[in-house]
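# Summary of the model geometry
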Amino acid sequence: MRLTALTLSLSLLLTSTLAHAATKTPFTPNDIAWLRRDSFGLNSVTVAQYRALGRNALLAKQLNNQLGDTLPAPIAAQIDHYDAFHTPLDQLLSSLQQEQQQLRSIPDGPEKQAANKAIQQRGNQIGLQAQQAELLHAIYGPNQLKEQLVWFWLNHFSVYAAKGRVRWELADYEDTIRAHALGKFRDLVMATLQSPAMLEFLDNAQNAKGHVNENYARELMELHTLGVNAGYTQQDVQQLALILTGVGITPVDGKPQNFNPKLAPLVVRDGLFEFNPQRHDFSDKQLLGKTIKGSGYDEVQQAVDLIVKQPACAQFISRKLAAYFVADNPPPALVNKMARTFQRTDGDIAQVMRVMFQSPELTSGAGKKFKDPMQFVVSSVRLAYDGSPIVNAQPLVNWLNQLDQPLFGRITPDGWPLDGDAWSSSGQMAKRFDIAHAIGTGNNQLFTPVGSSARTAGFPMLTTRLYYDAIDPYLSKATRDALAKATSQQEWNTFLLSSPDLNYR
């Protein structure tokens, strides 16, 4: 990836704006509260964007996807170097299948154990690269609102890396979510429905006429679209499972598939996604009170259209978005307003987000929304290193593991909790202090290349113009008192990063 002329121009504008920040009108508490909801966490570029564009223009550019996804060149180079991203998924899965076939031909013994271990290690490395890439995007992505939505949707449409081949498919899944994060919700649902990671995690790749698997149909309705107690029945789940028969993954063994000549025109392929009509139940179905005629893949599209147009879907998605961005128990009036926009715009995610980010409710609870581990780690690194390109993202992954929120590590398909109570135990806070200490003292290997013995960079200097403009004026007395007791810059950094002020937003 290379910086475009437009990106360079914007960077120069923001740099110039930041250089003159001291002469600008001071931020209000409402400005800071809005920015801390709009981004994973403050850094100089975020503040400069806000000063240069103003709130409304910045929001418009974010929601219209006009800030792009271009990362700093060193960060883009890191991700481009990962096999998970520069090797097409079909090639990754094909090589895995070949290695597994060779493994079966090896007699039991040390050689087979070593070969199996090598396959597992490569799969773990591919999965680790996807985890690192998501964290790097979250830290350095120019459109911070979009980056938060990518994380939100990855958690909403949660998949578990350790199941089957899912770890090999995570990079493709991230790209799928990113491409639809600001679009129509219906398109996002269809994109995840066709994703190999989702098809394998929730077993729809095995869903076929005569061998029906209801796992994905159930979670599609309960977790992805309608929520619990939304008026659908077990029969609706069963009928949706029949509609989804034949929805699976194209074989990657290179062997030609033989289809019944009458059914061959009904085959649908898109990348590794395949609708196989020979595995489909062509009976008529009754879903949510509507008849869906047996016709093949069109049934799937009709079913998704029907589900996402339910008022319960608008309510469920709007409330969950508000629970992430606004409050654990978001104001019903705001949720209702978002839901009406969801229905009026045919599930336009950007328009629903606009309603939320232009509402007074977004900032009325400032300082009361507890950060989840992802938000804590990303915001701490963004503030501490302020755009400096890290060279080793492994510590970021380790920190989330320590905080019990490993990326793609939720075994159940419901995603990680959005409420603060899930992340505010005494044990969690002790771990956060340790991580704040690692970041604040520079003892973290973020700037030490993997495999190198070179010393890490020194500790960060947090007492910058960014701090004095956007953080210091709004600190609580308790945090100020704690900072006054620090005996070194490293300790001061640790106290700031672990303070309640920076654990809430």
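Quick caveat: nothing in here was measured; it's all calculated off a predicted structure.

### Some words on the overall build of the protein chain
Helices and strands together make up the secondary structure of the protein chain, namely 26 helices and five strands. Each principal axis of the C-alpha atoms in the protein chain carries an extent, and together these give about 75 × 60 × 50 Å. Burial analysis of the protein chain (505 residues in total) assigns 52% to the buried set. Long-range contacts, defined here as pairs at least 24 residues apart, represent 73% of the contacts in the protein chain between residues at least 6 apart. Total accessible area on the protein chain stands at roughly 21,500 Å², and carbon and sulfur atoms take up 52% of it. Here the protein chain carries 47 positive and 46 negative side-chain charges, and the mean point of each set is 4 Å from the other.

### Describing the nonpolar core
By size, the foremost hydrophobic cluster in this structure holds 145 residues, and its most contacted members are Trp 153, Phe 185 and Leu 321. The greatest single-element share of this core, amounting to ten residues, is contributed by helix H8 (residues 110-140).

### Here's the deal with the sheet that holds strand S2 (residues 268-270)
Across a sheet, strands are paired by hydrogen bonds formed along the backbone, either parallel or antiparallel in direction. On the basis of which strands lie adjacent, the open sheet formed by three strands has the order S1-S3-S2 and antiparallel pairing. Two strands bound the open sheet, and with one partner strand each, they are strand S1 (247-249) and S2. Adjacent strand axes in the sheet meet at a mean angle of 25 degrees when their direction is disregarded. Direction of pairing for S2 relative to strand S3 (residues 273-275): antiparallel, over a ladder of three bridges.

### Notes on the pattern of salt bridges
Overall, the coordinates contain 23 salt bridges when judged by the stated rule. Asp 83 is the salt-bridge partner of Arg 122, the closest N and O atoms lying 3.3 Å from each other. Taken together, the residues Arg 122 in helix H8 and Asp 83 in helix H6 (residues 83-86) connect sequence positions 39 residues apart. Assessed through its relative accessible area of 26%, Asp 83 is described here as partly exposed.

### Looking at the confidence of the model for the protein chain
Confidence in the prediction of the protein chain, expressed as mean pLDDT, is 93, and 95% of residues score 70 or more. The low-confidence segment residues 1-23 (pLDDT under 50) makes 21 contacts with residues lying over four places distant or belonging to another chain.

### A closer look at the packing of helix H7 (residues 89-104) against helix H10 (residues 166-180)
Following both chains from N to C, one finds H7 and H10 inclined at 175 degrees, their axes separated by 10 Å at the closest point. The angle between the axes of H7 and H10 places the two elements in the roughly antiparallel class. Of the residues in H10, those touching H7 at Leu 89, Leu 92, Leu 93 and Leu 96 are Trp 168, Glu 169 and Asp 172. Looking at the contact of H7 with H10 residue by residue, the classes come out as five nonpolar, no polar and two charged.

### A word on the environment of His 137
Position of His 137 among the secondary structure elements: in helix H8. When its relative accessible area of 9% is taken as the criterion, His 137 is described as buried. C-alpha separation for the pair His 137 and Glu 147, spaced ten residues apart in sequence, amounts to 7.0 Å. Contact partners of His 137, with chain neighbours within four places excluded, come to Leu 71, Ile 79, Gln 144, Glu 147 and Arg 178.

### Some details on the environment of Trp 416
Considering the arrangement of structural elements, one finds Trp 416 in the loop between helix H21 (394-402) and helix H22 (426-441). Residue Trp 416 is classed as buried on the basis of its relative accessible area of 11%. Separated by 58 residues in sequence, Trp 416 and Gln 358 have C-alpha atoms that sit 27 Å apart. At 3.4 Å, the side chain of Trp 416 and the backbone oxygen of Pro 406 are in polar contact.

### Thoughts on the packing of helix H9 (residues 144-156) against helix H18 (residues 349-357)
H18 packs onto H9 with a crossing angle of 115 degrees between their chain directions and a minimal axis gap of 13 Å. Taken as axis vectors, H9 and H18 run roughly perpendicular relative to one another. The hand of the H9/H18 crossing is right-handed. Here H9 contributes Leu 145, Leu 149 and Trp 153 to the contact with H18, which in turn contributes Ile 349, Met 353 and Phe 357.

### Some details on the packing of aromatic side chains
Here a ring pair, both rings aromatic, is described through the centre-centre distance and the interplanar angle of the planes. Summed over all chains, the structure comprises 18 aromatic pairs. Geometrically, the ring pair formed by Trp 153 and Phe 185 is tilted, given 5.8 Å between the ring centres and 40 degrees between the ring planes. Of the two residues, Trp 153 sits in helix H9 while Phe 185 sits in helix H11 (residues 185-193), which places them 32 residues apart along the sequence. With a centroid separation of 5.5 Å and 75 degrees between ring planes, the pair formed by Phe 325 and Phe 357 is classed as edge-to-face. Taken together, the positions of Phe 325 in helix H16 (residues 311-325) and Phe 357 in helix H18 put the pair 32 residues apart, joining distant regions of the chain. Residue Phe 325 is classed as buried on the basis of its relative accessible area, which comes to 0%. What makes Phe 357 buried here is its relative accessible area of 2%. Taken together, the aromatic side chains of Phe 27, Trp 34, Tyr 50, Phe 152, Trp 153, Phe 157, Phe 185, Tyr 324, Phe 325, Phe 342 and Phe 357 make up a single cluster linked through ring pairs. Over the ring of Phe 27 we find Arg 51, and its NZ or CZ is 4.0 Å from the ring centre.

### Regarding the side chain of Ser 359
Looking at the element boundaries, Ser 359 is found in the loop between H18 and helix H19 (361-364). Its relative accessible area of 10% is what places Ser 359 among the buried residues. There is a polar contact of 2.7 Å between the side chain of Ser 359 and the backbone oxygen of Met 356.

Conventions used here
Residues numbered from 1 in each chain as written. Predicted model: local features only at pLDDT ≥ 70, side-chain atom pairs only at ≥ 80, totals over all residues. Heavy atoms only, no water. Helix = DSSP H or I, 4+ residues; strand = E, 2+ residues; numbered from the N terminus. Buried < 20%, exposed > 50% of the residue type's maximum accessible area, 1.4 Å probe, protein only. Contact = heavy atoms within 4.5 Å. Areas by Shrake-Rupley, 256 points an atom, 1.4 Å probe, with all protein chains shown as cover. Lys, Arg positive; Asp, Glu negative; His and termini not counted. Charge placed at Lys NZ, Arg CZ, Asp CG, Glu CD. Core = buried A, V, L, I, M, F, W, Y, C linked by side-chain atoms within 4.5 Å. Pairing = 2+ DSSP bridges. Axes fitted to C-alpha atoms, helices over the stretch in contact; angles between N-to-C directions. Salt bridge = Lys/Arg side-chain N within 4 Å of Asp/Glu carboxyl O. pLDDT = per-residue confidence, 0-100. Parallel < 35°, antiparallel > 145°, perpendicular 65-115°, else oblique. Nonpolar A, V, L, I, M, F, W, Y, C, P; charged D, E, K, R; others polar. Polar contact = N/O pair within 3.5 Å; in protein donor to acceptor, adjacent residues only side chain to side chain. Left-handed = near helix turned anticlockwise from the far one by under 90°. Phe/Tyr/Trp six-rings, centres within 6.5 Å; stacked < 30°, edge-to-face > 60°. Lys NZ or Arg CZ within 6 Å of the ring centre and 35° of its normal.

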